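Residue-level structure breakdown
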Amino acid sequence: MAQTDADITIIGGGIVGLSVALGLLLAGRRVHVLDGADSDARASQGNFGLVWGQGKGWNFAPYASWTADALAAWPEFARKLSDLSGIDVALDQSGGYEFFTDMDEMDEFADMLAQQQRHLGTRFSHELLTGDELRSQMPGIGRDVVGASFSQRDGHVNPLRVLRALRRAVAAAGGRVSMGAQVDRIAPAHGGGFDLALKDGRSMGAERVVLCAGLGAASLAADLGFITQIRPQRGELLITEKLADRLPFLSSTIRQVDEGGVQIGGTKADAGMDDSETLDVMAGLARHAVTVFPALANVRVVRAWGALRVMSPDGYPVYARSSRHPGACLVTCHSGVTLASLHASVLADWIDETAAAPDLEAFDENRFALSSVA
Ligand SMILES: Cc1cc2nc3c(=O)[nH]c(=O)nc-3n(C[C@H](O)[C@H](O)[C@H](O)COP(=O)(O)OP(=O)(O)OC[C@H]3O[C@@H](n4cnc5c(N)ncnc54)[C@H](O)[C@@H]3O)c2cc1C
């Protein structure tokens, strides 16, 4: 069996696994990332690129706080990525809108934001605007928009460039990434550590493992004694031709990427592992975009795709240590772009159990055990 010289083996080389790897490398650990097959579902290659706080954790204060920390940590993270990889990930944190065409929905969201504000105090800020206020600030906003919330702290990045930058940064920091290294089974080894059996027949020893395999984590998580059941949730997106003019806003459903195209998204569907795009959803996305900003009616859509979110049972991140197999951690989340700044920094302290580790008890998977008993 091949012995790895790494202190920590990370299973999964998406945005979560690579961010975690980078944090550990910068903390002085030797890290080997095993990434799976090209045919795997990969949320990191199909997402919307928001670095977003509005609404996050309104009913779960630890998540509100963790997200606020992540937003604050992004500028330094983007700088670090650029220094290590030479890639500018196009971070823009100049504020974002949630647009509404239904007053009841806006009132409901306003209540959620008020609750989030109570959790975060001065670490969060938002304002509510009527449709007329919006139109006086941004003349192109559609007449059916009844209002919007705005938070100065929200932003976005180019997510594919984040992924590329992470790959290069991990290599620059001395990490090793093996592509096409799909882990089939994992078991505790006699005398400590773990034995990993790869799909292609290879086997490998690992001292410690961090499971970051997105939707591919399910059976490996069970091998390691974790109880978290990860499920897919499909999102569909459109992208338009590149526009010479800049859109006057960033929103959670409409954003202009740094290269000029307008991305439209935000749908949610339970469709199992089917990540195909559907005509009715695409039509709904286009309608929404034109309602919010009618000038988009004249713009051509050039591409559409579906991608699967990686969801825990309650939608919040899971940071868990295996009680049955010490040395194994599970890290999984939705909003892996937003949280990458923390995964690549302070999460290393949690994995290493240093004195500086953030308190992530609220994100342990024991919350699922408790809720199934209740
Ligand atoms: C439509 C959509 C929009 C989104 N928008 C946003 C957004 O705006 N902002 C935001 O913060 N987040 C967003 N997300 C969420 C974000 O994309 C995910 O949280 C993040 O990409 C998850 O990364 P991951 O590394 O856990 O999973 P993945 O990207 O799925 O990566 C998992 C990796 O593990 C590998 N793997 C799987 N099984 C194995 C195995 N057995 N052995 C070895 N490797 C394995 C796979 O090959 C893959 O590379 C969005 C997601 C979707 C789908």
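Since the model is a prediction, treat every value here as computed from it, not as a measurement. (Residues numbered from 1 in each chain as written. Predicted model: local features only at pLDDT ≥ 70, side-chain atom pairs only at ≥ 80, totals over all residues. Heavy atoms only, no water.)

1. Concerning the overall build of the chain
If you tally the helices and strands in the chain, you get 10 helices and 19 strands. Scaling as 2.2 N^0.38, a compact globule of 374 residues should have a C-alpha radius of gyration of about 21 Å, and the chain matches this with 21 Å. Burial status across the chain gives 53% buried among its 374 residues. Once local pairs closer than 6 in sequence are excluded, the contacts in the chain between residues at least 24 apart make up 73%. When the accessible surface of the chain is summed, it comes to about 16400 Å², and 50% of that surface belongs to carbon and sulfur atoms. (Helix = DSSP H or I, 4+ residues; strand = E, 2+ residues; numbered from the N terminus. Rg over C-alpha atoms; globule rule 2.2 N^0.38 Å. Buried < 20%, exposed > 50% of the residue type's maximum accessible area, 1.4 Å probe, protein only. Contact = heavy atoms within 4.5 Å. Areas by Shrake-Rupley, 256 points an atom, 1.4 Å probe, with all protein chains shown as cover.)

2. Some thoughts on the sheet that holds strand 2 (residues 8-11)
The strands that make up a sheet pair up through hydrogen bonds in the backbone, lying either parallel or antiparallel. The strand order across the open sheet formed by 6 strands is 9-3-2-13-19-18, and the pairing between neighbours is mixed. Edge positions in the sheet fall to strand 9 (176-178) and strand 18 (318-321), since each of these pairs with one other strand and no more. Averaged over all adjacent pairs, the angle separating strand axes in this sheet is 15°, with direction ignored. By the bridge criterion, 3 bridges tie strand 13 (residues 208-211) to strand 19 (residues 328-332) in an arrangement that is parallel. (Pairing = 2+ DSSP bridges. Axes fitted to C-alpha atoms, helices over the stretch in contact; angles between N-to-C directions.)

3. Overview of the site of the ligand
As a matter of local geometry, the ligand sits amid 38 residues, with Asp35, Asp40, Ser44, Gly336 and Thr338 nearest to it. Asp35 places a polar side-chain atom, nitrogen or oxygen, 2.7 Å from an oxygen atom of the ligand. Surface burial for the ligand is 96%, taken as the share of its 1000 Å² of free accessible area covered by protein chains. Where the shell around the ligand is concerned, the elements lending two or more residues are helix 1 (15-26), strand 14 (231-242) and strand 17 (301-311). Ranked by the residues each element gives to the shell around the ligand, the list is headed by strand 17, at 3 residues. Across the shell around the ligand, the residue classes break down as 18 nonpolar, 16 polar and 4 charged. Formed jointly, the shell around the ligand draws a minimum of three residues from each of two domains, domain 1 (8-51 + 160-230 + 314-373) and domain 2 (93-152 + 231-311). (Near = heavy atom within 4 Å. Polar contact = N/O pair within 3.5 Å; in protein donor to acceptor, adjacent residues only side chain to side chain. Nonpolar A, V, L, I, M, F, W, Y, C, P; charged D, E, K, R; others polar. Domains from an automatic or database assignment.)

4. Looking at the domain arrangement of the chain
Segmenting the chain into domains produces domain 1 (8-51 + 160-230 + 314-373) and domain 2 (93-152 + 231-311). The straight-line distance from the C-alpha centre of domain 1 to that of domain 2 is 30 Å. Contact with domain 1, which involves 17 residues of that partner, is made by 22 residues of domain 2. Carbon and sulfur atoms make up 65% of the surface buried where domain 1 meets domain 2, a total of about 1500 Å² over both sides. Residue Arg161 pairs with Asp258 through a salt bridge whose shortest N-O separation is 2.2 Å. Looking at the side of domain 1 that touches domain 2 residue by residue, the classes come out as 8 nonpolar, 8 polar and 1 charged. (Buried area = accessible area lost by both parts, 1.4 Å probe. Salt bridge = Lys/Arg side-chain N within 4 Å of Asp/Glu carboxyl O.)

5. Observations regarding helix 2 (residues 61-85)
For helix 2, spanning 25 residues, the distance from its first C-alpha to its last is 34 Å, which sits close to the expected 36 Å at 1.5 Å a residue. Approximately 45° is the largest bend angle found in helix 2, and it occurs at Trp74, with the proline Pro75 only one to four residues beyond. Residues Tyr63, Ala64, Trp66, Thr67, Ala68, Ala70, Leu71, Trp74, Phe77, Ala78, Leu81 and Ser85 constitute the buried set of helix 2. Of the residues trailing helix 2, Gly86 is marked for its positive phi of about 75°. (Expected span 1.5 Å × (residues − 1). Bend = angle between axes of the 7 residues up to and from the residue.)

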